[in-house]
Amino acid sequence: MQSHTLPVSGDSGHYLRLIESAAAIRRHIDLLQWLQGDVQQCMPHEILLAGWGNFQEGAIRHDIVSKLPGVRSYAVGTDGLPFLLGKFHESWVFGGRQPSSLDFRNFEYLLGNASLPGSFSSALRSMRSGVIHGMRDERGQCECLYVLLSSQKIPAEPTSTAIKVLMPVIDSALRQVSQLPQQQKPFPKSLRVGQDEAFGLSDREIQIMDWVAMGKTNSEIGSILNISGFTVKNHMQRIFQKLNVFNRAQAVSKINGVTFNG
């Protein structure tokens with residue numbers, strides 16, 4: 001892979017030109033063209049994932065900027081993205097809320113087994129490395145997380161420096177872009193609060209239902225949580241009893257009804 005390191009003497013001028021050119025961003029396509037242009041010299045990536053909201057409660061909105069086929073903000077397969085962003089957020093917090101490099105292969109198990117050619121999940125599986133950084137809005141008490149992903153190794157430098165310098169620019173640019181219809185809806189209430197108050201589900205049962213809602217099988221959930229599929233099945237039986245339902249679809253439907261309407 002070619003080195004993307006910039007001469008020290010040219011860094012400030014390069015960043016200034018990038019910041020100036022970002023002032024015209026108003027649409028997703030503008031942001032895509034900006035990110036795929038000279039930004040690639042200091043922050044090489046193929047996918048930008050953005051998430052914002054209350055990560056502790058799981059109330060997260062997301063956006064995706066990429067030229068890869070099937071990689072769109074609300075394409076098929078993106079339902080589980082808020083959960084994945086939550087895991088990235090945990091990694092960022094653990095790193096002291098500083099730019100953090102990641103090996104995406106350590107997160108690939110979260111995608112399950114389904115992967116159609118040209119789909120969002122298929123594109124994610126081709127990613128090798130990433131860099132995470134974010135911003136915290138102390139007034140609004142929410143955080144915005146940004147994840148750069150690449151099918152190649154992202155160099156630590158100048159990427160870590162560049163993302164620090166350009167993070168406010170990226171954050172401001174996305175705030176200028178018109179929201180998609182899915183992003184204009186009110187944040188749902190916390191799924192955890194709704195389940196715990198209405199049904200008395202345990203923490204493990206809540207974890208399992210999170211994965212059930214994303215379409216994971218018992219064996220997939222077992223692999224993710226490092227327990228057997230038989231143990232997951234036993235948990236599911238207890239969940240059905242607590243919810244007074246007979247199958248997974250009814251369980252998800254009942255929980256969603258309480259979460260969004262209760």
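Note that residues are indexed from 1 along each chain, following the sequence as it is written. Residue-level local features of this predicted model are given only where pLDDT is at least 70; pairs of side-chain atoms are given and counted only at 80 or more, and the full residue set underlies all totals for whole chains, interfaces and linings. In computing side-chain values, all of the structure's heavy atoms are included and hydrogens and water are not.

1. Quick word on helix α3 (residues 81–94)
And then number 1: Helix length check: α3 (14 residues) gives 20 Å between terminal C-alpha atoms against 20 Å at 1.5 Å per residue, within 8%.
And then number 2: Note on classification: 1.4 Å probe, protein chains only; a residue is buried when its accessible area is under 20% of the maximum for its type, exposed when over 50%, partly exposed between these limits. Helix and strand definitions follow DSSP, with helices as H or I runs of at least four residues and strands as E runs of at least two, each counted in order from the N terminus. For α3, every residue scored as buried is listed here: L81, P82, L84, L85, G86, F88, H89 and W92.
And then number 3: What makes two residues a contact is simply this: any of their non-hydrogen atoms within 4.5 Å. Of the surrounding elements, those touching the buried residues of α3 are β1 (47–54), β2 (59–66), β3 (100–103), α4 (120–125), β4 (129–137) and β5 (142–150).
And then number 4: Downstream of α3 by a residue or two, G96 has a phi angle that is positive, lying close to 80 degrees. Expected span of a helix, by definition, is 1.5 Å for each gap between consecutive residues, and there is one gap fewer than residues.

2. Focus on the packing of helix α8 (residues 218–225) against helix α9 (residues 229–243)
And then number 1: Contact geometry of α8 with α9 gives a least axis separation of 8 Å together with a crossing angle of 110 degrees. For the element pair α8 / α9, the angle class is roughly perpendicular. Residues N218, I221 and G222 of α8 pack against G229, V232, K233 and M236 of α9.
And then number 2: Lys, Arg, Asp and Glu make up the charged group, whereas Ala, Val, Leu, Ile, Met, Phe, Trp, Tyr, Cys and Pro make up the nonpolar group; the residues left over, Gly among them, are polar. Tallied by class, residues from the contact of α8 with α9 come to three nonpolar, three polar and one charged. With axes taken as lines fitted to C-alpha atoms, and helix axes fitted only over the stretch in contact, angles between N-to-C directions fall between 0 and 180 degrees. Geometric relationships in this document are graded by angle, where less than 35 degrees denotes roughly parallel, more than 145 denotes roughly antiparallel, 65 to 115 denotes roughly perpendicular, and other angles denote oblique.

3. Side note on the pattern of salt bridges
As a working rule, side chains carrying opposite charge can pair if their charged atoms are close by.
And then number 1: Within this document, salt bridges are pairs made up of a side-chain nitrogen of Lys or Arg and a carboxyl oxygen of Asp or Glu, the two lying within 4 Å of each other. Within the structure shown, the criterion is met by eight salt bridges.
And then number 2: Among the ionic pairs, R105 bridges to D103, the shortest N-O distance being 3.0 Å.
And then number 3: Close ionic contact of R136 with E138 constitutes a salt bridge, the shortest N to O distance being 3.2 Å.
And then number 4: You can call R136 partly exposed: its relative accessible area is 35%.
And then number 5: Of the residues examined, E138 reaches a relative accessible area of 51% and is grouped as exposed.
And then number 6: The network of salt bridges with common partners includes R97, R136, E138 and E143.

4. With respect to the nonpolar core
And then number 1: To form a nonpolar core, buried Ala, Val, Leu, Ile, Met, Phe, Trp, Tyr and Cys residues must be joined to one another through side-chain atoms within 4.5 Å. Counting residues in each nonpolar core, the largest one holds 28 residues, and the members touching the most others are L31, W34, M43 and Y146.
And then number 2: Taken together, the elements giving at least two residues each to this core come down to α1 (8–22), α2 (28–35), β1, β5 and α5 (156–176).
And then number 3: If one sorts the elements of this core by residue count, α5 sits on top with eight residues.

5. Some details on unusual backbone geometry
And then number 1: With an omega dihedral of 15 degrees, the bond running from E157 to P158 counts as a cis peptide bond.
And then number 2: Examined against the element boundaries, P158 turns out to sit in helix α5.
And then number 3: Unusually for a residue other than glycine, N244 sits at a positive phi of about 60 degrees.
And then number 4: Within the secondary structure, N244 sits in the loop between α9 and α10 (248–261).
And then number 5: Among the residues examined, N244 registers a relative accessible area of 62% and is labelled exposed.

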